[in-house]
Amino acid sequence: MTGPKIIFFILATAIVVFSILSIFSRRILRAAIYLLFVLVALAGLYYMMNFQFLAAVQLMLYAGGIVVLIIFSILLTSQIDSKLEAPKGSHILSGAITAMAGIGLAVTTLLNFKFNTSPEAAIGTDMRTIGRQLMDTGAHGYALPFEVISILLLAALVGSIYIARKSRT
Amino acid sequence: MNLQAEIPLDYMIVLGTIVFFVGLMGVLIRRNLITMLMGIELMLNAVNINFVAFNHYLFPNRLEGHFFALIVMAIAAAEAAIAIALIINIYRQFNTVSVDDVDELKY
Amino acid sequence: MSYSYTLLILLLPVLMFLFIGLTGNKMKPEVSGILGTTGLFIITLLSYFTAFYYFGHRSGESFQTIEAYNFLWLQFTGTLIINIGILLDPLSVMMLVVITTVSLMVHIYSLGYMKGEKGFARYYAFLSLFTFSMLGLVLATNIFQMYIFWELVGVSSYLLIGFYYERPTAVAAAKKAFIVTRFADLGFLIGILLLSFYTNTFNFIALTDLNGLAIAQPTTAVFMGLSVTTWAMLLIFMGGAGKSAMFPLHIWLPDAMEGPTPVSALIHAATMVVAGVYLVARLFPVYSFTAPESLEIIAYIGSFTSLFAAVIACTQLDIKRVLAFSTLSQIGYMMVALGVSGYGAEGLGYMASLFHLFTHAFFKALLFLGAGSVIHAVHSNLMTDMGGLRKYMPITHITFLIACLTIAGIPPLSGFFSKDEILVAAFEHNKIIFAVQWIVAGITAFYMFRLYFNIFWNRTPEYHHAPHESPVTMTIPLIILAAASIFAGFVPFHDLVTSDGNPLHTEFHAFIAVPSIAIAVVGIILAAMLYYRKNSKPETIAKTLKGLYALAFHKFYIDEVYLFITHKVIFNFISRPVAWFDRHIVDGTMNLIGNATVSASGSIKKMQSGQVQWYIWYFTSGVLLLVFLILYLTY
């Protein structure tokens with residue numbers, strides 16, 4: 001058992017366990033915190049795969065942004081100490097069946113597929129390369145999606161403000 | 001660090017699949033809108049695991065999966081912002097965040 | 001000289017109809033009346049001119065048959081061709097004179113009679129339409145054109161009977177007339193198709209050609225013991241019987257008296273109702289040579305109708321209904337004459353029938369117009385409301401008396417001549433029919449003078465306001481028609497209108513003329529005894545003949561029989577099942593589809609619960625199922 005493998009299994013176990021805890025926890029604030037753990041563990045996984053930038057973004061955006069947002073909304077809408085009511089049996093049954101069937105279907109399908117790994121040398125994933133490709137307008141350049149995403153974010157910003165504000169009446 | 005030799009791609013795919021369906025189950029069984037939103041976040045992250053893993057294992061000479069994961073994160077952020085705005089608005093209207101009580105739009 | 005101007009005879013009335021019908025509301029009522037009358041006056045002059053010219057220019061002994069026009073109108077196949085045109089022969093020219101004369105009289109008369117009525121312009125438009133249709137009918141070159149105009153005549157009759165459409169009885173009468181004649185016309189149409197199928201032609205000239213296919217080589221096909229030609233001719237006669245109100249299709253005519261009286265005079269006495277006679281006369285060679293059995297049947301039906309109607313006429317109180325039944329009776333005479341007639345030199349009955357048609361048109365129109373004049377003065381149709389009117393209405397009185405004498409057959413008035421010829425023809429052919437017609441002649445005299453004495457003599461009831469003579473527009477037609485009734489008998493008819501176009505030799509038979517005059521006089525005297533003064537004798541007789549009187553008074557319950565057949569039999573055994581089938585099977589299928597859709601949507605609408613998570617569940621399950629199917633079941 002080598003080091004990377006041990007780290008991977010620790011991270012994978014954390015991800016699976018905390019995600020399950022997150023959806024079954026009856027205290028909503030705890031669920032949010034479990035989600036945070038899942039996201040942080042994922043950032044570790046990215047770091048393992050040599051995507052340092054993506055891991056940093058994952059930490060900043062998810063752990064720093066979205067989870068905080070979710071916690072804010074929990075605080076705005078719920079009592080902290082109140083437990084959520086337990087999900088109904090029929091719901092758990094139907095959801096579990098669907099999820100199990102999905103896992104079975106997807107895993108068997110994927111494991112039966114023979115993936116071809118590329119023989120070519122790995123490209124560097126330093127900030128310089130990422131930044132150049134993100135702003136590049138040529139082949140493998142991401143200037144257009146980048147701009148589109150910025151417009152989407154602007155629209156989401158305006159839209160969420162409009163939706164969430166108190167109506168004048 | 002030669003990850004390919006240590007950990008096969010299948011491990012990553014199975015992990016992503018499990019996280020995705022756990023997230024889906026969360027969406028299906030929880031009545032609270034905020035926990036449903038958390039389930040959706042889990043699903044998005046599962047997708048990201050796949051993108052990143054495929055990029056790293058299959059096309060190490062490119063960065064497509066990496067950028068796709070970035071875009072998914074940006075969209076997840078936008079989605080979370082809108083969803084939370086909606087949840088807050090629903091809470092104002094119905095004084096609850098349970099989807100069972102928000103069923104005006106039916107037959 | 002060509003007869004191309006005869007097209008005007010047809011075109012003018014239809015133009016008049018369109019013009020008055022479309023602009024009638026814009027002009028003063030009097031203007032439309034005068035316009036219609038002027039138009040008809042021109043048509044009448046043209047007809048007279050045609051008649052004088054046609055009868056004045058015979059080629060040798062016989063008259064030519066002239067097709068003045070014959071347009072190709074519809075061509076379905078190489079042999080099925082329908083033309084429209086104008087046919088001139090002695091029969092149609094004679095009808096032209098009758099129709100235009102009576103129609104002109106009615107037009108003038110209506111100027112006074114209909115004055116101030118609502119829909120005056122509409123009335124004149126319909127009169128023009130009727131005149132057009134009737135002229136088109138008699139001038140038809142082929143049997144299909146005749147059928148078209150035959151239906152047009154039916155429509156204008158319907159419109160004019162229902163002229164007072166605010167009166168429910170008038171509406172019912174119009175419907176009844178239309179439905180009964182339409183039912184008869186179904187037979188007519190089938191007859192036309194049968195006849196034309198075996199002869200390959202609609203054209204009258206080809207049909208009545210003695211060497212033509214129809215007569216020289218009649219089909220040998222036989223159906224139920226009678227030849228197909230006989231069936232065809234009987235079916236065609238059924239159409240004629242419907243229009244001419246022969247028993248048992250007569251029920252519409254008495255009710256048709258709901259229309260304005262001048263209309264009754266024109267349509268339901270003088271012109272349209274004799275269309276059946278005209279039809280048989282038009283196809284007479286076919287009847288005579290290929291279907292003599294059907295002529296026998298026609299004779300018996302005519303004879304029975306004339307007796308039957310005459311008996312009913314004796315009991316009716318409504319003066320227009322008396323005249324209606326009298327019309328039935330007289331048309332029965334004409335049918336009898338046609339039925340007993342032979343062809344060519346034997347064609348006395350044919351000539352007598354059309355002669356009677358000719359004279360009857362005048363005196364019956366006169367009777368109706370006289371009755372209209374009386375009704376105009378008294379404002380009632382019932383003879384119990386009348387009496388002693390001779391002092392108030394001298395012109396009407398004298399002309400009515402002339403008409404009554406004419407129909408009774410008193411020489412030298414025209415009715416005597418034509419009726420005498422019919423009796424001679426009947427005597428030569430069939431003694432039983434002769435006896436019946438002879439008795440009917442007496443009954444005719446009786447009921448006409450019953451009518452006459454009840455109106456103009458008898459006791460004078462209390463009138464609300466003193467009746468006065470009708471205006472001059474009404475009395476002039478009366479006088480003209482009275483003159484026509486007197487002198488029409490002197491027209492040398494046997495020279496002009498005969499079955500084969502050659503002059504017919506006739507002689508005076510004193511052994512028939514004298515008894516017929518005698519029975520007419522007996523009838524008149526009987527009527528005078530009973531009705532000259534108010535007395536109780538009529539009631540006494542009615543009481544002694546209680547059953548018979550009630551039977552005749554209720555028109556032998558024929559209407560009730562019809563009602564029974566239609567309501568109890570047809571409605572119950574045909575219409576109800578058909579309606580049931582429509583309501584339950586046809587509608588039921590549609591309702592089933594609709595209900596199935598509604599209930600299906602009702603049962604699945606629960607899925608539309610508003611619970612977002614169930615939607616997600618349906619969606620993801622569906623996606624998984626689809627993925628499974630695509631991945632593992634398509635290979």
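Please read these numbers as outputs of a predicted model, since none were measured by experiment.

1. Quick notes on the overall build of chain C
Link 1 in the chain: Helix and strand content of chain C: 26 helices and four strands.
Link 2 in the chain: The proportion of buried residues among the 635 residues of chain C is 56%.
Link 3 in the chain: Counting only carbon and sulfur atoms, one obtains 71% of the accessible surface of chain C, whose full area is about 26,400 Å².

2. Section: the interface of chain C and chain B
Accessible area lost when the parts come together is the quantity often used to give the size of an interface.
Link 1 in the chain: Chain C puts 12 residues into the contact, and the matching count from chain B is 15 residues.
Link 2 in the chain: Buried area between chain C and chain B, summed over both chains or domains, comes out near 1,100 Å², and the portion from carbon and sulfur atoms is 61%.
Link 3 in the chain: Summed over the shared surface of chain C and chain B, the result is zero salt bridges.
Link 4 in the chain: Inspection of the region where chain C meets chain B yields five residue pairs in polar contact (both at pLDDT 80 or more).
Link 5 in the chain: Among the residues making up the side of chain C that touches chain B, the classes are represented as four nonpolar, six polar and two charged.

3. Notes on the packing of helix α1 (residues 6-23) of chain C against helix α2 (residues 29-56) of chain C
Think of two packed helices as two axes; the pair is described by the angle between the axes and how far apart they sit.
Residue and element names in this part refer to chain C.
Link 1 in the chain: At a minimum axis distance of 9 Å, the contact between α1 and α2 shows a crossing angle of 170°. Here α2 runs roughly antiparallel to α1, going by the angle between their axes. Residues T6, L8, I9, L12, P13, M16, F19 and I20 of α1 pack against S32, L35, G36, G39, I42, I43, L46, S47 and T50 of α2.
Link 2 in the chain: A per-class count over the contact of α1 with α2 returns 11 nonpolar, six polar and no charged.

4. Things to note about the pairing of strand β1 (residues 66-75) of chain C
Link 1 in the chain: Sheet topology note: the β1(C)/strand β2 (residues 81-88) of chain C ladder contains eight bridges and is antiparallel. Residue pairing in the sheet places C:L72 in a bridge with C:N83 of β2(C).

5. Considering the confidence of the model for chain C
Residue and element names in this part refer to chain C.
Link 1 in the chain: This prediction gives chain C a mean pLDDT of 85; 99% of its residues lie at or above 70.
Link 2 in the chain: Summarising per-element confidence for chain C, the mean pLDDT is lowest in helix α8 (residues 213-216) (70) and highest in helix α5 (residues 143-161) (90).
Link 3 in the chain: Confidence estimates for the predicted assembly give a pTM of 0.67 and an ipTM of 0.89.

6. Some words on helix α2 (residues 28-48) of chain A
Link 1 in the chain: Helix length check: α2(A), at 21 residues, gives a terminal C-alpha distance of 30 Å against a target of 30 Å (1.5 Å per residue), a fit within 8%.
Link 2 in the chain: Two residues or fewer past α2(A), A:N50 is found with a positive phi of approximately 80°.

7. As for the side chain of C:K320
Residues and elements named next belong to chain C.
Link 1 in the chain: Relative to the elements of secondary structure, K320 occurs in helix α15 (residues 319-339).
Link 2 in the chain: Despite its burial, K320 remains without a salt bridge, the nearest opposite charge being carried by D318 at 7.0 Å.
Link 3 in the chain: Residues contacting K320, with those up to four places away along its chain left out, are M257, G259, P260, T261, S264, F368, I375 and N381.

8. Observations concerning the interface of chain A and chain B
Link 1 in the chain: Listed per partner, the contact involves 81 residues of chain A and 69 residues of chain B.
Link 2 in the chain: At the surface where chain A touches chain B, the tally comes to zero salt bridges.
Link 3 in the chain: Counting across the interface, chain A meets chain B through 10 residue pairs in polar contact (both at pLDDT 80 or more).
Link 4 in the chain: Every element with two or more residues in the side of chain A that touches chain B is listed here: α1 (3-24), α2, α3 (52-77), α4 (89-112), α5 (127-135) and α6 (143-164) of chain A.
Link 5 in the chain: Looking at the side of chain A that touches chain B residue by residue, the class counts come to 55 nonpolar, 21 polar and five charged.

9. Remarks on the packing of aromatic side chains
Residue and element names in this part refer to chain C.
Link 1 in the chain: One pass over the structure, following the stated rule, counts 44 aromatic pairs over all chains.
Link 2 in the chain: Seen from their ring centres, F163 and Y164 are 5.3 Å apart, and the 75° between their planes marks the pair as edge-to-face. We note that F163, like Y164, is buried.
Link 3 in the chain: With centroids separated by 5.1 Å and ring planes inclined at 65°, the aromatic side chains of F247 and F308 adopt a geometry described as edge-to-face. Remark: F308 occurs in helix α14 (residues 292-313) and F247 occurs in the loop between α9 (228-243) and α10 (252-255); sequence separation between them is 61 residues.

10. What to know about the pattern of salt bridges
All names here are of chain C.
Link 1 in the chain: Across all of its chains, the model carries 10 salt bridges over all chains by this definition.
Link 2 in the chain: As a salt-bridge pair, K176 and D255 come within 2.9 Å of each other at their nearest N and O atoms. Here D255 lies in helix α10 and K176 lies in helix α6 (residues 168-199), a separation of 79 residues in the sequence.
Link 3 in the chain: Using a relative accessible area of 16% as the deciding quantity, one classes D255 as buried.
Link 4 in the chain: For R321, the salt bridge goes to D318, with nearest N and O atoms at 4.0 Å.
Link 5 in the chain: For R321, a relative accessible area of 15% translates into the label buried.
Link 6 in the chain: Residue classification places D318 among the buried residues on the basis of a relative accessible area of 16%.
Link 7 in the chain: Several salt bridges converge on common partners, so that one network encompasses K176, D255, D318 and R321.

11. Some thoughts on α5(A)
An α-helix turns once per 3.6 residues; consequently, residues spaced three or four apart project the same way.
Link 1 in the chain: Of all the residues in α5(A), the buried ones are A:I130, A:Q133 and A:L134. Projection of α5(A) onto a plane perpendicular to its axis shows the buried side chains occupying an angular sector of 100°, all on one side. For α5(A), exposure combined with an orientation more than 90 degrees from the buried face picks out A:R128 and A:R132.
Link 2 in the chain: Residues of α5(A) that are buried sit in contact with α3 and α6 of chain A together with α4 (64-94) of chain B.

12. Overview of unusual backbone geometry
Link 1 in the chain: A cis amide bond links C:F247 with the next residue in sequence, C:P248, at an omega value of 5°.
Link 2 in the chain: Residue C:P411 is joined to C:P412 through a cis peptide bond whose omega torsion reads 5°.
Link 3 in the chain: Its identity as a non-glycine residue notwithstanding, B:N95 has a phi of 60°, on the positive side.
Link 4 in the chain: Looking at where B:N95 falls in the secondary structure, it is placed in the segment after α4.
Link 5 in the chain: Assessed through its relative accessible area of 59%, B:N95 is described here as exposed.
Link 6 in the chain: Although it is not a glycine, C:A245 sits at a positive phi angle of roughly 55°.
Link 7 in the chain: The exposure class of C:A245 is buried, given its relative accessible area of 0%.

13. Section: the pairing of β2(C)
Each regular strand displays side chains that alternate between the two surfaces of the sheet.
Link 1 in the chain: For β2(C), the tally of buried residues reaches six of eight residues, placing the bulk of the element in the interior.
Link 2 in the chain: Where β1(C) hands over to β2(C), the hairpin turn is made up of five residues, counted between the paired strands.

Rules and cut-offs
- Residues numbered from 1 in each chain as written.
- Chains lettered and ligands numbered in written order.
- Predicted model: local features only at pLDDT ≥ 70, side-chain atom pairs only at ≥ 80, totals over all residues.
- Heavy atoms only, no water.
- Helix = DSSP H or I, 4+ residues; strand = E, 2+ residues; numbered from the N terminus.
- Buried < 20%, exposed > 50% of the residue type's maximum accessible area, 1.4 Å probe, protein only.
- Areas by Shrake-Rupley, 256 points an atom, 1.4 Å probe, with all protein chains shown as cover.
- Contact = heavy atoms within 4.5 Å.
- Buried area = accessible area lost by both parts, 1.4 Å probe.
- Salt bridge = Lys/Arg side-chain N within 4 Å of Asp/Glu carboxyl O.
- Polar contact = N/O pair within 3.5 Å; in protein donor to acceptor, adjacent residues only side chain to side chain.
- Nonpolar A, V, L, I, M, F, W, Y, C, P; charged D, E, K, R; others polar.
- Axes fitted to C-alpha atoms, helices over the stretch in contact; angles between N-to-C directions.
- Parallel < 35°, antiparallel > 145°, perpendicular 65-115°, else oblique.
- Pairing = 2+ DSSP bridges.
- pLDDT = per-residue confidence, 0-100.
- Expected span 1.5 Å × (residues − 1).
- Lys, Arg positive; Asp, Glu negative; His and termini not counted.
- Phe/Tyr/Trp six-rings, centres within 6.5 Å; stacked < 30°, edge-to-face > 60°.
- Arc of directions from axis to C-beta.

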